[in-house]
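Each chain is listed here by its residues.
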Amino acid sequence: MAKAVALVTLIPIAALCISNLVSQSYQGDFIASMMDYARENNLSVQTDRIPDYRDLCATHNPEDAELCAPARQLEIFEFGALVSLAVGLGLFGLLALARLYAGHNRQRLAFVLPPLTRVMVLGLSLSIILQGAVAVFGIYIAETVFIGRVHFVVLAGIAFAAVIGGVNLVEASFKAMQTLNLAIQGVVIDDATGPDLIALVHEVADEVGARRPDNIVVGLEPSFFVTGAEVTVYPAAEDLTGSTLYLPVPFLRILSQDELRAVIGHEMGHFIGEDTEYSLKFYPAYARLDTAMHALIDEHGRIDYVKVPTLSFLQLLHDEFSVVERKIGREREISADQIGAKVSNAKALATSLLKFSLFADAWATLRAENVDRLNQGEFLTDLNAEYVDVCQKAFKEMDFAERKNDLLAFEMAHPNDTHPTLRERLSALGIDSGIFHKEDMALANNPLTGLLTAYDKIAVQLTKAEHRKMIGQGFADPPSYAALRDD
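Just so you know, these numbers come straight off a predicted model, no measurement behind them.

Which residues make up the overall build of the protein chain, and what values go with them?
Looking only at helices and strands, one finds 15 helices and seven strands in the protein chain. Relative to its full complement of 487 residues, the protein chain shows a buried share of 49%. Taking all contacts inside the protein chain whose residues are at least 6 apart in sequence as the whole, residues at least 24 apart take part in 79%.

Go over helix α12 (residues 383-397) with me, naming the residues and quoting the values.
When the terminal C-alpha atoms of α12 are compared, their 21 Å separation across 15 residues agrees well with the 21 Å that a helix rising 1.5 Å per residue should span. Residues of α12 that are buried: Leu383, Asn384, Tyr387, Val388, Cys391 and Phe395. The arc that holds the buried residues of α12, viewed along the axis, is 140°, so those residues lie on one side. Pointing more than 90 degrees away from the buried face of α12 are the exposed residues Lys393, Lys396 and Glu397. On its buried face, α12 is in contact with α10 (346-359), α11 (362-375) and α15 (455-472). The N-terminus of α12 is capped by Asp382, whose side-chain oxygen sits 3.1 Å from the backbone nitrogen of Asn384.

I'd like a description of the nonpolar core, backed by residues and values.
For soluble globular proteins, nonpolar side chains are generally found buried alongside one another. Ranked by internal contacts, the top residues of the largest apolar core, which has 66 residues, are Leu197, Leu260, Met268, Phe359 and Tyr387. Excluding residues that lie within four positions of it along the chain, Phe359 makes contacts with Phe251, Ile254, Tyr387, Cys391, Ala394, Phe395, Met441 and Leu443. Within the second largest apolar cluster, 29 residues are counted, among which are Leu91, Leu95, Leu311 and Leu316.

How would you explain the sheet that holds strand β6 (residues 238-240) if you had to name every residue and give the values?
In spatial order, the strands read β1-β5-β6; together these three strands make up an open sheet with mixed pairing. Either end of the sheet is taken by a strand with one partner, and the two such strands are β1 (181-185) and β6. Each strand axis lies, on average, 25° off the axis of its neighbour in the sheet, ignoring direction. The sheet contact formed by β1 and strand β5 (residues 230-234) spans five bridges and is parallel. Looking across to β5, one finds that Ile184 is bridged to Val233.

Summarise the side chain of Asn215; cite the residues concerned and give the values.
Its location among the elements puts Asn215 in strand β3 (residues 215-219). Polar contacts involving the side chain of Asn215 include one to the main-chain carbonyl oxygen of Thr241, which spans 3.0 Å. Not counting the four nearest positions on each side in its chain, Asn215 is found in contact with Leu240, Thr241, Ser243, Thr244 and Leu245.

So what's going on with the state of the cysteines? Which residues, and what values?
Counted by the stated rule, this structure contains one disulfide. The disulfide partner of Cys57 is Cys68, and the S-S distance across this bridge is 2.0 Å. The disulfide joining Cys57 to Cys68 has a torsion of about -80° about its S-S bond and is therefore left-handed. One end of the pair, Cys57, is in helix α2 (residues 53-57); the other, Cys68, is in the loop between α2 and α3 (69-102), and 11 residues separate them in sequence.

Describe the sheet that holds strand β2 (residues 187-188), naming the residues involved and giving the relevant values.
Taken together, the four strands give an open sheet; going across it, the order is β2-β3-β7-β4, and neighbouring strands pair in mixed fashion. Since the sheet does not close on itself, it has two edges, and those belong to β2 and β4 (225-227), each with one partner.

Explain the side chain of Thr232 to me, and be specific about the residues and the numbers.
Within the secondary structure layout, Thr232 lies in strand β5. The class of Thr232 is buried, set by a relative accessible area of 6%. Here Asp239 takes part through its side chain, which lies 2.8 Å from a polar atom of the side chain of Thr232. Setting aside residues up to four positions removed in sequence, Thr232 forms contacts with Asn181, Leu182, Ala183, Ile184, Ala237, Glu238 and Asp239.

Go over unusual backbone geometry with me, naming the residues and quoting the values.
Along the chain, Tyr234 connects to Pro235 via a cis peptide bond; the corresponding omega equals 15°. Along the polypeptide, Pro235 turns up in the loop between β5 and β6. Even without being a glycine, His60 presents a positive backbone phi close to 55°. Take His60: it is sitting in the loop between α2 and α3. Backbone geometry places Ala237, a non-glycine residue, at a positive phi of 55°.

What counts, and at which threshold
Sequence order as written defines the numbering, with residues in each chain counted from 1. Selection of residues for local features in this predicted model requires a pLDDT of at least 70, selection of side-chain atom pairs for listing and counting requires 80 or more, and totals for whole chains, interfaces and linings are taken over all residues. As a rule here, side-chain values cover all heavy atoms of the structure and leave hydrogens and water aside. Numbering of helices and strands runs from the N terminus, with a helix taken as a DSSP run of H or I at least four residues long and a strand as a DSSP run of E at least two residues long. When a residue's accessible area, from a 1.4 Å probe over protein chains only, is under 20% of the maximum for its type it is buried; when over 50% it is exposed; and in between it is partly exposed. Contacts: residue pairs with any heavy atoms within 4.5 Å of one another. By this rule the span expected of a helix is its residue count minus one, scaled by 1.5 Å. Directions pointing from the helix axis toward each C-beta atom define the arc. For this analysis, a polar contact is any N or O atom pair within 3.5 Å, provided that within protein one partner can donate a hydrogen and the other can accept it, and provided that sequence-adjacent residues contribute only side-chain to side-chain pairs. The nonpolar core is taken to be a set of buried Ala, Val, Leu, Ile, Met, Phe, Trp, Tyr and Cys residues, with the residues joined through side-chain atoms within 4.5 Å. A pair of strands counts as paired when DSSP detects no fewer than two bridges linking them. Simply put, an axis is a line fit to the C-alpha atoms, just over the touching stretch for a helix, and the angle between two N-to-C directions goes from 0 to 180 degrees. Any two cysteine sulfur atoms within 2.5 Å of one another count as a disulfide.

Next comes the structure, spelled out in structure tokens:
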């Protein structure tokens with residue numbers, strides 16, 4: 001906050017101080033000139049009777065135009081400083097009013113954040129450009145008055161930095177205004193590939209009174225989420241609009257039907273009532289703001305000094321809403337858990353979360369091992385089956401009593417929401433974590449692979465896509481690519 005305040009007030013306040021010093025210098029010169037004139041013309045004049053130079057020029061008498069030219073410059077300079085200060089403070093006032101209005105109300109947050117982000121960033125762009133002009137003009141006046149020479153190279157550098165800062169903010173504002181696009185590695189499910197899965201999702205959505213998702217995507221990465229952002233599904237580069245539900249294919253062999261229903265019910269809970277607008281508007285805008293901030297930082301985590309003002313102000317805007325987002329995000333998860341438990345049962349939701357907390361990290365390990373295999377020219381044909389085998393092994397080798405506390409401290413990763421710990425979620429469901437045993441985390445006896453008409457084919461398709469992704473991103477460089485050719 002302090003850095004952002006300094007960014008919009010330091011230069012205008014310094015400019016007004018410079019103007020005051022220059023004005024005093026002008027007044028001294030004016031008095032000296034009047035005294036010289038009096039002596040040359042044998043006139044008697046009292047110093048305290050000589051009018052103030054700025055007051056004299058404030059009358060805008062045409063006869064004093066030449067005499068008051070420096071005062072006119074100061075007037076313009078001061079006006080620019082005051083406008084710059086007003087714009088900067090106005091932005092803080094607007095932010096404060098927006099936060100006061102929105103409070104913790106989800107509908108108001110969804111209404112406020114998208115336009116506020118754009119107005120704030122564009123307003124700061126104007127402020128930085130104005131401050132650059134004020135700084136250049138102020139240094140020019142000060143050097144002219146106090147040292148009798150002007151360092152034009154310095155002035156040009158300041159002007160350039162101000163323009164670059166303004167341009168950076170304009171670019172950031174456009175990023176903040178762009179429609180959020182979420183990239184997902186997966187396969188879009190339709191009536192041909194997963195009619196039973198679609199029917200299950202629609203049944204659960206209707207039962208909880210949620211809007212049905214417009215799209216269902218399955219992939220290898222272990223995550224469950226629903227998003228209102230626009231989505232591009234790779235490797236097909238298929239663009240999706242509306243709401244999208246993502247489900248991990250391996251978990252159709254890990255979760256029971258009750259557990260899957262509970263998880264789907266939880267995700268559908270984010271599209272009930274006021275949560276719908278919050279999911280569709282607030283989170284995409286919040287994510288766009290985060291994207292705009294990261295765009296200012298290079299791949300090594302460094303930032304050009306001319307971009308510091310932009311990043312500082314965007315960080316302030318982000319931080320102002322992050323506290324609310326975390327609080328509401330956790331409340332949303334607890335509320336969605338209640339819905340998931342209602343559509344199935346509380347224990348089924350709890351065991352699904354426990355399984356996810358145990359098996360989620362296995363994917364990162366498997367992915368790293370797969371990269372090593374690719375570099376050796378070995379192409380696995382079904383990473384989905386491999387992942388399930390890894391999970392089965394992890395379950396058998398797990399000492400539940402030893403791992404229990406770690407599992408309960410797990411926070412699920414999500415592209416939007418902030419999740420509470422599993423311990424907090426179980427407590428909110430009214431479940432004592434002491435009732436669980438290792439057997440509750442066993443992989444399902446009756447896999448749900450039949451929900452997809454071509455489960456194995458989709459698994460192979462996703463495996464090839466994962467290989468291509470690792471190669472395309474430079475993580476793997478196999479000696480041959482023959483195994484990736486489509487049949």
